[in-house]
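One-letter residues, chain by chain:
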Amino acid sequence: MQIVLLVVILVALILVHELGHFIVAKLSGMRVEEFGIGYPPRALTMAKIGGTEYTLNWLPFGGFVKIEGEDGERGSGRAFADKIRFLQALVLIAGVAMNLLFAWLLISGSLFVGTPRALEDSEIPQAKDAIITVSDILPGSPAEDAGLKIGDGIVKAITPAGTFTTSDPKEFTDYIAKDTKGTPGTFDIRRDGQEMILSAIPAKNTIPGQPDRVALGIGVAVVGTVPLPFYEAPILGAEYTWELTKEAAVGLVHFFASIFTFSADFSQVMGPIGIVSVVGVASKAGLPALVLL
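These lines cover the structure that appears in this document, whether it is placed above or below. (Residues numbered from 1 in each chain as written. Predicted model: local features only at pLDDT ≥ 70, side-chain atom pairs only at ≥ 80, totals over all residues. Heavy atoms only, no water.)

## Describing the overall build of the protein chain
Basically, it comes down to this: Numbering goes from the N terminus for both helices and strands, where a helix is a DSSP run of H or I of at least four residues and a strand is a run of E of at least two. Only protein chains enter the accessibility calculation, which uses a 1.4 Å probe. A residue is then buried if its area is under 20% of the maximum for its type, exposed if over 50%, and partly exposed in between. Contact between two residues is taken to exist if any of their heavy atoms lie within 4.5 Å; hydrogens are not considered. Surface exposure here means Shrake-Rupley accessible area, sampled with a 1.4 Å probe, where a residue is shielded only by the protein chains that are shown. The charge count treats Lys and Arg as positive and Asp and Glu as negative. His and the chain ends do not count. Just so you know, the charge point we use is NZ for Lys, CZ for Arg, CG for Asp and CD for Glu.
The number of helices and strands found in the protein chain is 7 helices and 9 strands. The principal-axis extents of the C-alpha atoms in the protein chain amount to approximately 85 × 45 × 35 Å. Of all 293 residues assigned to the protein chain, the portion counted as buried reaches 33%. Pairs at least 24 residues apart make up 57% of the contacts formed inside the protein chain by residues separated by at least 6 positions. Element-wise, carbon and sulfur atoms account for 65% of the exposed surface of the protein chain, whose accessible area totals about 17200 Å². Computed over 22 positive and 30 negative side-chain charges, the inter-centroid distance for the protein chain is 4 Å.

If you want it as structure tokens, here you go:
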């Protein structure tokens, strides 16, 4: 099932990308010979409209657009090679632009339907699934030693200060700070849909500038599901799209730069099997999480 979902996702992303090329090529007056779903060999021709064949092909791993003259041959005046460089550039850029537009639509739709995200204080009471989530971990901290990871949800904590089960981040940090006995606390953690128990000892000298404060060394946020109104979802969706695009670009630049300094962390690189696994985890979290991925 996970492999089927991965194929569906890849086909959707590729077809949207090709649709960008298709639309701008048509608007530019170019002759689009074929818009194919899947890769050849051809299974059937579904329709022929405006000189373009719409086909279904046997290899279901994407799609393609075939434009007259895209390999450099000049033709009837409607070939890709016949058009000015500006129009050729627009056709090429349109694929990426359509992917960005698609991302914005998916993210906005997910926010409108409701998908787990970091909540503002005013939104926490509205979320039935609100949970304190690890957003940052200090190197060498008790949290890192205990095996906590970014993204872990803290369902319950038990320390000498008592039991903590609420979803107020300030209350949680104050609760941890009360543990001055240096004894292990147990933390009921939700990770990738599964729960586990970890043991950690909050300690002083963990947070820079606050040597006397007892802490785990983590940053926390409240994550939950609160659907946004239809007029707010596109705005926040645009912000998320920009931030995710920027983070992806910066991450890629840093990664490839680290290759040349022999400091690349290849453990963060996934192949097809890793991608299938990630798709499986997202699908278990529900359709909005899968769409957001």
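## Observations concerning the layout of surface pockets
As a reminder, the rule being used: Of the grid points, spaced at 1 Å and generated over the protein atoms alone, those admitting a 1.4 Å probe that cannot get out make up cavities, while open sets with protein on both sides within 12 Å along at least five of seven lines make up pockets; any residue with an atom within 4 Å of a point is treated as lining. Grid points are joined across faces, edges and corners, and a volume is the space filled by probe spheres set on the points. Gly is put with the polar residues, along with every residue not named as nonpolar or charged; the nonpolar set is Ala, Val, Leu, Ile, Met, Phe, Trp, Tyr, Cys and Pro, and the charged set is Asp, Glu, Lys and Arg.
Of the volumes computed, that of the largest pocket is approximately 1500 Å³. Surrounding the largest pocket, 33 residues form its lining, P116, G151, D192, V223 and A289 being those nearest its centre. Looking at the lining of the largest pocket, the elements that each hand over two or more residues are β3 (117-118), β4 (131-137), β7 (185-191), β9 (218-224), α5 (233-260), α6 (272-284) and α7 (287-292). When grouped by side-chain class, the residues that make up the lining of the largest pocket number 16 nonpolar, 7 polar and 10 charged. Space inside the second largest pocket adds up to approximately 1300 Å³. Around the second largest pocket, the lining comprises 32 residues; the ones closest to its centre are L13, A103, A248, L292 and L293. Looking at the lining of the second largest pocket, the elements that each hand over two or more residues are α1 (2-27), α2 (85-113), α5, α6 and α7. Residue contributions to the lining of the second largest pocket peak at 8 residues, all from α5. A per-class count over the lining of the second largest pocket returns 26 nonpolar, 5 polar and 1 charged.

## Observations concerning the nonpolar core
Here is the rule: We call a set of buried residues a nonpolar core when its members are Ala, Val, Leu, Ile, Met, Phe, Trp, Tyr or Cys and they connect through side-chain atoms within 4.5 Å of each other.
Counting 24 residues, the largest nonpolar core has L119, L148, I154, F172, F187, L216 and I218 as the members making the most contacts within it. The set of elements that each furnish at least two residues to this core consists of β4, α3 (142-146), β5 (153-159), α4 (169-177), β7, β8 (194-200) and β9. Ignoring any residue separated from it by four or fewer positions in sequence, one finds L148 in contact with I137, A143, I189, R191, L198 and I218. L15, F22, I67 and F80 belong to the second-largest nonpolar core, a separate cluster that totals 11 residues.

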